There are 2 protein chains.
Amino acid sequence: MVTIKDVARLAGVSMTTVSRAFNEKAIIKAETRKNILAIADKIGYVPNFNARGLVTKKKFIIGVFFSSLHDGTSTSFFSAAIGSLYDALPDNYLLSINDIKRVNSFEQLVQNRVDGVLVVSQSDDDDEFIYQVKSSGIPLVVINRYISDREICNIASDDFAGLKDGVDYIASRGHKRIGMIEGIAGFTSSVQRRQGFDQSVISNNLTPVEAAIKIGDYSSKTGQEKMAEILALPKEQQPTCVVCGNDDTAIGALRACYLNGVKVPDDISLIGFDDIFYSSVSIPSLTTIRKPIGQMAGLGIKDLIAIINGEKVDIANRVKIQPQLVVRESVAKL
Amino acid sequence: MVTIKDVARLAGVSMTTVSRAFNEKAIIKAETRKNILAIADKIGYVPNFNARGLVTKKKFIIGVFFSSLHDGTSTSFFSAAIGSLYDALPDNYLLSINDIKRVNSFEQLVQNRVDGVLVVSQSDDDDEFIYQVKSSGIPLVVINRYISDREICNIASDDFAGLKDGVDYIASRGHKRIGMIEGIAGFTSSVQRRQGFDQSVISNNLTPVEAAIKIGDYSSKTGQEKMAEILALPKEQQPTCVVCGNDDTAIGALRACYLNGVKVPDDISLIGFDDIFYSSVSIPSLTTIRKPIGQMAGLGIKDLIAIINGEKVDIANRVKIQPQLVVRESVAKL
DNA sequence: AAAGGTAATGTTAACGTTTTCATAGGAGGA
DNA sequence: TCCTCCTATGAAAACGTTAACATTACCTTT
């Protein structure tokens, strides 16, 4: 293994100088640096991260923790997040992707292994883990879910505004009687989306159909069940459009319509939330509200790196990213 | 930061003894170990991986490299793979998930950072990277795609047998005239799947419809285009079933049928390959062949760890895992 | 010309482990 | 009783960096 020592000898300088040549901000003559870098390249020197980390106390690893990797849901979300994470990641950092549920040894997996933690949270269940990280003093950013603790750097999407935009669009297409299949009861996202729904109902003077407002759980399976219940309502109680808590729910709902011989959007309209990949190829393709996962991930990593580097980050001023309406085929014009 | 030194002092032993207490295979009196571990736990000692790695020359990180994280395709595949990877991973290892396409500095990201590399390969494009790893002497396992180089530890699925089983099933449902939308031309997986198709055609005495055999590229978009071409054929040239190179292709094909008012499976049947999550909720749900990604990932990590530990792994005896037919709604009984 | 400052580089001591080699103390055999 | 062997432990070096501090040499200022 070729070390800094070998480079130093060949370049006729000290180890320190070689070290400086490799560290951007160090004071060193440009010519010396160039010479050292050339020699290092020639003999194939690569810095040893263990040695470097031992003295700098850094690991050059960011731990990314997802709510759950095993659930079949939100998989395109998952890879979209990772892709954007890498786009914003400094070159010499590694990303360690983990499942919060399988962190059996916090010390082994987190405490001594990563410089910072980015939680891509989808569920209140993550709070325990989040507070464990917070209290251990490791730099922390939580994205994708609203966290009420203002001491935690948090980047979420404005689900309220997103849902409101979506329902405004539905209203603009002439719908009056609308239903909803909500997300998991109690989740911040479910509450905010419901509030966006209510707000639009008021401002557009819509008629929410009580019997067609159901509690779901963000899964396709439940989406299908709840939609079947809605379709079983007497004709005069049917809504003309059902707002789904997320795209997975909408896809289940779509399937319920299919099984009951109900045509979307001819007989009934549907709208989702998230804009997962399958929304663009489903039958019919799904009008939905695109969750800005890429932006959240990018900003999250940026903030996290800043916190790690000891820079001042305005944590209290939490970021809310605006979702965007994606019009496709599932909402009819009445 | 509490170190091994602190534990040693409190336990009244040397650093060496404490180190031994933490290393399973070391010679140490059971009572001494127990005592040391208790004290370490009490004062919150956690081994420093950088220091440990510096002397043992290990990083306790496995690099996992995917063909592409950015393509919208095969995302459930992606998370299924990662989940299974973790199931088989020793406790103190970290997984660094990467995109082959964004490895701009091999030295920075691979050479000095990971103990071994697991490539989840989906494309011939990966070969350059694979050979770079191989020639740098880093322990390597390639899964999910057949590699002809017998010096590389390789675990793939038996796509030939999988496709054959699928077409046998189609034949058993009474289909005679069948078409196909193949994968990317030249890819080993495409070739093997085509061969499985041909084999079943012969043994079941089926009639492949020349005009309905298309070259695709494993994407939904192309699947949709090619299926539209097939549907545009004159009535007497129409196949009763189209075999799709993968589920994404099938989902595109499904959409082409929908847009042309053709009912699946009433008017025409479809079968996919992979068993991605959306196959189970598509309209209609997709009969497909399940690719054993979990098994491949598990075996892959197991072999890789063995290679890293210097154990003898029978590389030449490559593993082929059998895919499994998943019957759903998209193939009609004639 | 002396004093002070600055830019560039060098010396040396950490950083927290594991490993190599050494040592102490019994147990067992002759 | 002495020697040998084995088990359990310890002392010290090594791993490859960076950081703190020291040292040049030259340049400016008075």
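All values reported here derive from a predicted model rather than from experimental measurement.

**Description of the protein's contact with DNA strand D**
Next, step 1: Contacts to DNA strand D come from 29 residues, most closely from A:Ile4, A:Ser19, A:Tyr45, B:Ser14 and B:Thr17.
Next, step 2: A breakdown of the atoms of DNA strand D within 4 Å of the protein gives sugar and phosphate a share of 57%.
Next, step 3: Between DNA strand D and A:Tyr45, the relevant distance is 3.0 Å, taken from a phosphate oxygen to a side-chain nitrogen or oxygen of the residue.
Next, step 4: A:Arg52 is positioned such that a nitrogen or oxygen atom in its side chain is 3.1 Å from a phosphate oxygen of DNA strand D.
Next, step 5: Of all elements in the fold, only helix 2 (15-22) and helix 4 (49-56) of chain A together with helix 2 (15-22) and helix 4 (49-56) of chain B reach the threshold of two or more residues within the surface near DNA strand D.
Next, step 6: By residue class, the composition of the surface near DNA strand D is 14 nonpolar, eleven polar and four charged.

**Description of the relation of the copies chain A and chain B**
Next, step 1: Placing chain A over chain B gives an RMSD of 0.2 Å and needs a rotation angle of 180 degrees, together with 0.1 Å of translation along the axis. In short, the pair behaves as if placed about a two-fold rotation axis.
Next, step 2: Of all interface residues in chain A, 98% are interface residues in chain B too; the two copies therefore contact each other through one and the same surface.

**Comments concerning the domain arrangement of chain A**
Next, step 1: The domain architecture assigned to chain A consists of domain 1 (4-47), domain 2 (61-157 + 293-322) and domain 3 (159-291).
Next, step 2: Between the C-alpha centres of domain 1 of chain A and domain 3 of chain A there is a distance of 61 Å.

**Describing the pattern of salt bridges**
Next, step 1: Tallied over the full model, the rule gives 30 salt bridges over all chains.
Next, step 2: As a salt-bridge pair, A:Lys214 and A:Glu229 come within 3.0 Å of each other at their nearest N and O atoms. On the criterion of sequence distance, the pair formed by A:Lys214 in strand 7 (residues 207-215) and A:Glu229 in helix 10 (residues 220-231) is long-range, its members being 15 residues apart.
Next, step 3: On the basis of relative accessible area, A:Lys214 is assigned to the buried category, the value being 17%.
Next, step 4: Between B:Arg9 and B:Asp6 there is a salt bridge; the shortest N-O distance is 2.9 Å. Of this pair, B:Arg9 and B:Asp6 are both found in helix 1 (residues 4-11), three residues apart, which corresponds to roughly one turn of the helix.
Next, step 5: The exposed category is assigned to B:Arg9, whose relative accessible area is 56%.
Next, step 6: On the basis of relative accessibility, which here comes to 21%, the residue B:Asp6 falls in the partly exposed class.
Next, step 7: It is possible to trace a salt-bridge network through shared partners that takes in A:Asp124, A:Asp127 and A:Arg145.

**Here's the deal with the sheet that holds strand 7 of chain A**
Residue and element names in this part refer to chain A.
Next, step 1: The four strands are arranged 7-6-8-9 in an open sheet whose pairing can be described as parallel. Bordering the open sheet on either side are strand 7 and strand 9 (269-271), each of which pairs with just one other strand. For this sheet the average axis-to-axis angle between neighbouring strands, irrespective of direction, equals 20 degrees.
Next, step 2: One ladder, built from three bridges, connects strand 8 (residues 241-244) with strand 9; its direction is parallel. Bridge assignment links Val243 to a residue of strand 9, and that residue is Ile271.
Next, step 3: Across the sheet, helix 11 (residues 247-259) is in contact with strand 6 (177-182), strand 8 and strand 9; its angle to strand 9 comes to roughly 160 degrees.

**Section: the interface of chain A and chain B**
Next, step 1: Tallying the contact residues gives 57 residues for chain A and 56 residues for chain B.
Next, step 2: Of all residues in chain A, A:Asn50, A:Arg113 and A:Ile283 bury the most surface against chain B, accounting for 14% of the area lost on that side.
Next, step 3: Remark: the boundary between chain A and chain B carries two salt bridges.
Next, step 4: The closest approach of N and O atoms between B:Arg255 and A:Glu329, which form a salt bridge, is 2.6 Å.
Next, step 5: The tally of links from chain A across to chain B stands at 22 residue pairs in polar contact (both at pLDDT 80 or more).
Next, step 6: Only helix 4, helix 5 (75-87), strand 2 (94-99), helix 6 (106-111) and helix 11 of chain A provide two or more residues apiece to the side of chain A that touches chain B.
Next, step 7: The element best represented in the side of chain A that touches chain B is helix 5 of chain A, accounting for eight residues.
Next, step 8: Considered class by class, the residues forming the side of chain A that touches chain B number 28 nonpolar, 19 polar and ten charged.

**What about the packing of aromatic side chains?**
Next, step 1: Scanning all chains against the criterion turns up ten aromatic pairs over all chains.
Next, step 2: The interplanar angle of 85 degrees and the centroid separation of 5.4 Å between the aromatic rings of A:Phe49 and A:Phe60 together place this pair among those described as edge-to-face. Of this pair, A:Phe49 sits in helix 4 while A:Phe60 sits in the loop between helix 4 and strand 1 (61-66); the two residues are eleven residues apart in sequence, bridging distant segments of the chain.
Next, step 3: The buried category is assigned to A:Phe60, whose relative accessible area is 8%.
Next, step 4: Feature note: the residues A:Phe49, A:Phe60 and A:Tyr93 constitute an aromatic cluster, connected by ring pairs.
Next, step 5: In this structure, A:Arg113 is placed above the aromatic ring of B:Phe49, and the distance from its NZ or CZ to the ring centre is 4.0 Å.
Next, step 6: A cation over a ring is seen here: B:Arg193 above B:Phe273, with NZ or CZ 4.0 Å from the ring centre.

**Re the sheet that holds strand 6 (residues 177-182) of chain B**
All names here are of chain B.
Next, step 1: Across the sheet, four strands lie side by side as 7-6-8-9; this open sheet has parallel pairing. Pairing within the sheet leaves two strands with one partner each, and these edge strands are strand 7 (207-215) and strand 9 (269-271). For this sheet, the mean angle separating the axes of adjacent strands, direction not counted, is 20 degrees.
Next, step 2: Note that strand 6 and strand 7 share five bridges and pair parallel. When the bridges of strand 7 are listed, Ile178 appears paired with Pro208.
Next, step 3: Contacting strand 6, strand 7 and strand 8 (241-244), helix 9 (residues 188-203) crosses the sheet at an angle of about 175 degrees to strand 6.
Next, step 4: Strand contacts of helix 11 (residues 247-259): strand 6, strand 8 and strand 9, with the helix running at about 160 degrees to strand 9, the strand carrying the most contacts.

Thresholds, definitions, all that
- Residues numbered from 1 in each chain as written.
- Chains lettered and ligands numbered in written order.
- Predicted model: local features only at pLDDT ≥ 70, side-chain atom pairs only at ≥ 80, totals over all residues.
- Heavy atoms only, no water.
- Near = heavy atom within 4 Å.
- Polar contact = N/O pair within 3.5 Å; in protein donor to acceptor, adjacent residues only side chain to side chain.
- Helix = DSSP H or I, 4+ residues; strand = E, 2+ residues; numbered from the N terminus.
- Nonpolar A, V, L, I, M, F, W, Y, C, P; charged D, E, K, R; others polar.
- Least-squares fit on C-alpha atoms with pLDDT ≥ 70 in both.
- Contact = heavy atoms within 4.5 Å.
- Domains from an automatic or database assignment.
- Salt bridge = Lys/Arg side-chain N within 4 Å of Asp/Glu carboxyl O.
- Buried < 20%, exposed > 50% of the residue type's maximum accessible area, 1.4 Å probe, protein only.
- Pairing = 2+ DSSP bridges.
- Axes fitted to C-alpha atoms, helices over the stretch in contact; angles between N-to-C directions.
- Buried area = accessible area lost by both parts, 1.4 Å probe.
- Phe/Tyr/Trp six-rings, centres within 6.5 Å; stacked < 30°, edge-to-face > 60°.
- Lys NZ or Arg CZ within 6 Å of the ring centre and 35° of its normal.

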